[in-house]
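# Topology and contacts: notes
Chain by chain, the residues run as shown.
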Amino acid sequence: KLFSHLCFIFLSIFFIQSTSFAVAPSNEKIVVQGRIVDPSGVAVSDNNVNFDISIYSPTTGSPGSHCLLYRETQNGVDMSASGGTFVLQVGTGARVGAGPTLRETFTNASVASFGALTCGVGSSYTPGAIDDRSIEMTVSFGAQVLTLAAIPVKAVPYAMQANQIGGYGINN
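To keep things clear, this report deals only with the structure shown in the data block. If you're wondering where the values come from, they're calculated on a predicted model, not measured in any experiment. (Residues numbered from 1 in each chain as written. Predicted model: local features only at pLDDT ≥ 70, side-chain atom pairs only at ≥ 80, totals over all residues. Heavy atoms only, no water.)

## Topic: the overall build of the protein
To keep things clear, this is the line we draw: Only DSSP runs of H or I covering at least 4 residues are called helices, and only runs of E covering at least 2 are called strands; the numbering of each starts at the N terminus. Burial classification: accessible surface area is computed with a 1.4 Å probe over protein chains only, and a residue below 20% of its type maximum counts as buried, one above 50% as exposed, and the rest as partly exposed. Contacts are assigned to residue pairs with any non-hydrogen atoms lying within 4.5 Å of each other. All accessible-area figures derive from a Shrake-Rupley calculation using a 1.4 Å probe, and residue coverage is judged against the displayed protein chains alone.
Across its full length, the protein carries 3 helices and 9 strands. The N-to-C order of helical and strand elements in the protein reads α-β-β-β-β-β-α-β-β-β-β-α. Within the protein, buried positions represent 23% of all 172 residues. Contacts in the protein between residues far apart in sequence, at least 24 positions, make up 58% of those at least 6 positions apart. Accessible surface, the protein as shown: approximately 11300 Å² in total, 60% of it carbon and sulfur.

## So, the pairing of strand S4 (residues 85-90)
When a strand is regular, its side chains alternate between the sheet's two faces. Our working rule: Strands are treated as partners if at least two bridges between them are detected by DSSP.
Because side chains alternate across S4, one face comprises the buried residues Phe-86, Leu-88 and Val-90, and the other comprises Thr-85, Val-87 and Gln-89, none of which is buried. Relative to S4, strand S1 (residues 30-35) runs antiparallel, the two sharing 6 bridges. Residue pairing for S4: Arg-35 is matched across the bridge by Thr-85.

## Comments concerning the packing of aromatic side chains
Note the threshold: Pairing of aromatic side chains here covers Phe, Tyr and the six-membered ring of Trp, requires ring centres within 6.5 Å, and sorts the geometry by plane angle: under 30 degrees stacked, over 60 edge-to-face, intermediate tilted.
With the rule as written, the count across this model stands at 1 aromatic pair. When the centroid spacing of 5.1 Å and the interplanar angle of 45° are considered together, the rings of Phe-51 and Phe-86 count as tilted. Residue Phe-51 is found in strand S2 (residues 49-56), and its partner Phe-86 is found in strand S4; the two are separated by 35 residues along the sequence. Of the two residues, Phe-51 and Phe-86, neither departs from the other in class, the shared state being buried.

## Considering the environment of Ala-81
Note that Ala-81 resides in the loop between strand S3 (67-77) and S4. Sequence spacing of Ala-81 and Val-44 is 37 residues, and the spatial spacing of their C-alpha atoms is 9.5 Å.

## Here's the deal with the nonpolar core
We apply this condition: Within this scheme, the nonpolar core is defined by two criteria: the residues are buried Ala, Val, Leu, Ile, Met, Phe, Trp, Tyr or Cys, and they are joined through side-chain atoms within 4.5 Å.
Residues Ile-36, Phe-51, Phe-86 and Met-137 are the most contacted members of the largest nonpolar core, which totals 18 residues. Breaking this core down by element, the ones donating at least two residues are S2, S4 and strand S7 (133-141). Each residue touching Phe-51, except ones within four places of it in the same chain, is listed here: Ile-36, Glu-72, Thr-73, Gln-74, Asn-75, Val-77, Met-79, Phe-86, Leu-88, Met-137, Thr-138 and Val-139.

## With respect to the side chain of Thr-105
What counts is decided by this rule: Side-chain atoms alone can form a polar contact between residues adjacent in sequence; in general such a contact is a pair of N or O atoms within 3.5 Å, and within protein one must be able to donate a hydrogen while the other accepts it.
Checked against the element boundaries, Thr-105 lands in helix H2 (residues 102-105). For Thr-105, a relative accessible area of 0% puts it in the buried group. From its side chain, Thr-105 meets the backbone oxygen of Thr-101 in a polar contact 2.7 Å long. Residues in contact with Thr-105, not counting those within four places in the same chain, are Ile-55, Leu-69, Tyr-70, Pro-100 and Arg-133.

## Description of the side chain of Ser-57
When you line up the elements, Ser-57 lands in the loop between S2 and S3. Engagement of the side chain of Ser-57 in a polar contact is seen with the backbone nitrogen of Cys-67, the distance being 2.8 Å.

## A few points about the environment of Ala-94
Its place among the elements puts Ala-94 in strand S5 (residues 94-95). Here Ala-94 falls in the partly exposed class, since its relative accessible area comes to 44%.

This is how it looks when you write it as structure tokens:
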């Protein structure tokens, strides 16, 4: 009898969770994780860390020629007991400026074209079928400001699967 009560509780929680996902907007977030150390090699352990997260188009061959597609800030992150590690969900922060949505930022359809952007060269970007993106972050805490190395964003297995429907590829 205890087993049947536990199964009912589990199934009830699963059903409540499932129905909440059915009516809510899709979970369009990107998880970014890493570890931050200051210039002297000490792990950041501040209780008020601010992240400025930017997603850029690929460069066009010359340094600084990429376009800012998406930007958000996540402020007040408590890293006091983290040993310098962080896990952020891009898409949950405060959006900065205009431009494509997070979903549109990663669209490589030939019909997509983004104008009025902040670019190193020009002011528009039309993605190619296999264009990558990069995530760049500035982290501030106390009086320190660190610029982290750019993180390349590549395809994941589910995204590669999305290039076909019912066995037909994107060129069929």
